[in-house]
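Read off the chains here:
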Amino acid sequence: MSNQPQLEKLNLEMSACTKCILRATCQRVVFGSGNPEAKIIFIGEAPGKKEDELGIPFMGSTGRILDKMLEGIVIKREDVYLTNLCKCRPPENRDPLPEEINVCSYWLEKQIQIINPKIIVTLGRYALNYFLPDTKISQVHGEITELKIPKIGNQKLFPLHHPAAARINRKTRAIFTQDFQKIPNILNQIKKD
Ligand code: SF4
């Protein structure tokens, strides 16, 4: 059975969410986009200005970097699922607060339960620390971690730097590119197992 109807129902509920203060200043809830049956879910931090305008995660210059990386491993944006830890844009693009992440994670948890991906790719330290608190991205990027997530079950976590960090720092860009290119092998290995 397709995950589409369940995801649509969830998105409808999410678009009416006012559980935290972020909804008061953003234009819309940016729930996510992509394939409801995706094998990979990419999780960023929170929508930025462009995402808030368009209602689609990872747009603008950061989105272009992600698109380029996906193109490099011959995977289409439409084949994966893209979302954020916080579904509403924080004012002036400030970092999401722990209480905002905490309350909004309800939606992320539901999305993961419905999509049930083979790999969860976290982009940046906020998404990483949601799953692995107190872990430094510099120590775990580009490595698979097997996780048992409460209410979700066993998942493979693949932490990457955030494409926005890759955009502004040449060294981070090189690491991000190198890590990203491991994704096809990981998928192949999962298929064999
Ligand atoms: S950030 Fe999340 S919890 Fe807060 S209002 Fe938006 S959807 Fe609801």
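Just so it is clear, the model here is predicted, and its values are computed rather than measured.

Novice: Any details on the site of the ligand? Residues and values, ideally.
Specialist: Surrounding the ligand, one finds C17, K19, C20, L22, R23, V29, K87, C88, V103, C104 and W107. Tallied by class, the residues present in the shell around the ligand amount to eight nonpolar, no polar and three charged.

Novice: How would you sum up helix 1 (residues 4–15)? Please name residues and give values.
Specialist: In a regular helix each residue adds 1.5 Å, so 12 residues correspond to 16 Å; helix 1 covers 16 Å between its end C-alpha atoms and thus fits that length. Among the residues of helix 1, those classed as buried are L7, L10, N11 and M14. Each buried residue of helix 1 lies within a common arc of 100° when the element is viewed along its axis, so the set occupies one face. Facing away from the buried surface of helix 1 by more than 90 degrees, the exposed residues are K9 and L12. Contacts made by the buried residues of helix 1 are with strand 3 (81–84) and helix 4 (98–115).

Novice: Got a sec to walk through the side chain of E100? Specific residues and values, please.
Specialist: Of note, E100 is situated in helix 4. A polar atom in the side chain of E100 sits 2.7 Å from the side chain of R94. Contacts of E100, omitting those with residues within four sequence positions, involve C20, I21, L22, C86 and R94.

Novice: Give a detailed account of the packing of aromatic side chains, specifying residues and quantitative values.
Specialist: All told, the structure shown has four aromatic pairs when counted by the stated rule. Judged by centre distance (5.7 Å) and plane angle (10°), the rings of F42 and F180 are stacked. On the criterion of sequence distance, the pair formed by F42 in strand 2 (residues 40–44) and F180 in helix 8 (residues 170–180) is long-range, its members being 138 residues apart. Given a relative accessible area of 0%, F42 falls into the buried group. With a relative accessible area of 0%, F180 lands in the buried category.

Novice: Which residues make up the side chain of E109, and what values go with them?
Specialist: Among the secondary structure elements, E109 is positioned in helix 4. If we ignore the near neighbours within four places in the chain, the residues touching E109 are Y130, K151 and I152.

Novice: Before we move on, can you summarise helix 4 with the specific residues and values?
Specialist: In this model, helix 4 (18 residues) spans 25 Å end to end at C-alpha, consistent with the 26 Å of a helix rising 1.5 Å per residue. What helix 4 keeps buried is the set E100, I101, C104, S105, W107, L108, E109, Q111, I112, I114 and I115. For helix 4, the elements touching its buried residues are helix 1, strand 2, strand 3, strand 4 (119–123), helix 5 (125–131) and strand 6 (153–160). N116 lies just past helix 4 and shows a positive phi near 45°.

Novice: Which residues make up the sheet that holds strand 2, and what values do they have?
Specialist: Taken in spatial order, the six strands make up an open sheet running 1-3-2-4-6-5, and their pairing is mixed. The outermost strands of the open sheet, each flanked by one partner alone, are strand 1 (33–34) and strand 5 (145–149). Where strand 2 meets strand 3, four bridges bridge the pair, whose relative direction is parallel. When the bridges of strand 3 are listed, I43 appears paired with T83.

Novice: Tell me about the pattern of salt bridges, and please be specific about residues and values.
Specialist: Scanning the entire structure with this criterion turns up eight salt bridges. E100 serves as the salt-bridge partner of R94, at 2.7 Å between the closest nitrogen and oxygen. Accessibility expressed as a relative area gives 27% for R94, which makes it partly exposed. The exposure class of E100 is buried, given its relative accessible area of 3%. Residues E146 and K156 are paired through a salt bridge, measuring 3.4 Å at the closest nitrogen-oxygen approach. Linking E146 in strand 5 with K156 in strand 6, this pair joins segments that are 10 residues apart in sequence.

Procedures and definitions
- Residues numbered from 1 in each chain as written.
- Predicted model: local features only at pLDDT ≥ 70, side-chain atom pairs only at ≥ 80, totals over all residues.
- Heavy atoms only, no water.
- Near = heavy atom within 4 Å.
- Nonpolar A, V, L, I, M, F, W, Y, C, P; charged D, E, K, R; others polar.
- Helix = DSSP H or I, 4+ residues; strand = E, 2+ residues; numbered from the N terminus.
- Expected span 1.5 Å × (residues − 1).
- Buried < 20%, exposed > 50% of the residue type's maximum accessible area, 1.4 Å probe, protein only.
- Arc of directions from axis to C-beta.
- Contact = heavy atoms within 4.5 Å.
- Polar contact = N/O pair within 3.5 Å; in protein donor to acceptor, adjacent residues only side chain to side chain.
- Phe/Tyr/Trp six-rings, centres within 6.5 Å; stacked < 30°, edge-to-face > 60°.
- Pairing = 2+ DSSP bridges.
- Salt bridge = Lys/Arg side-chain N within 4 Å of Asp/Glu carboxyl O.

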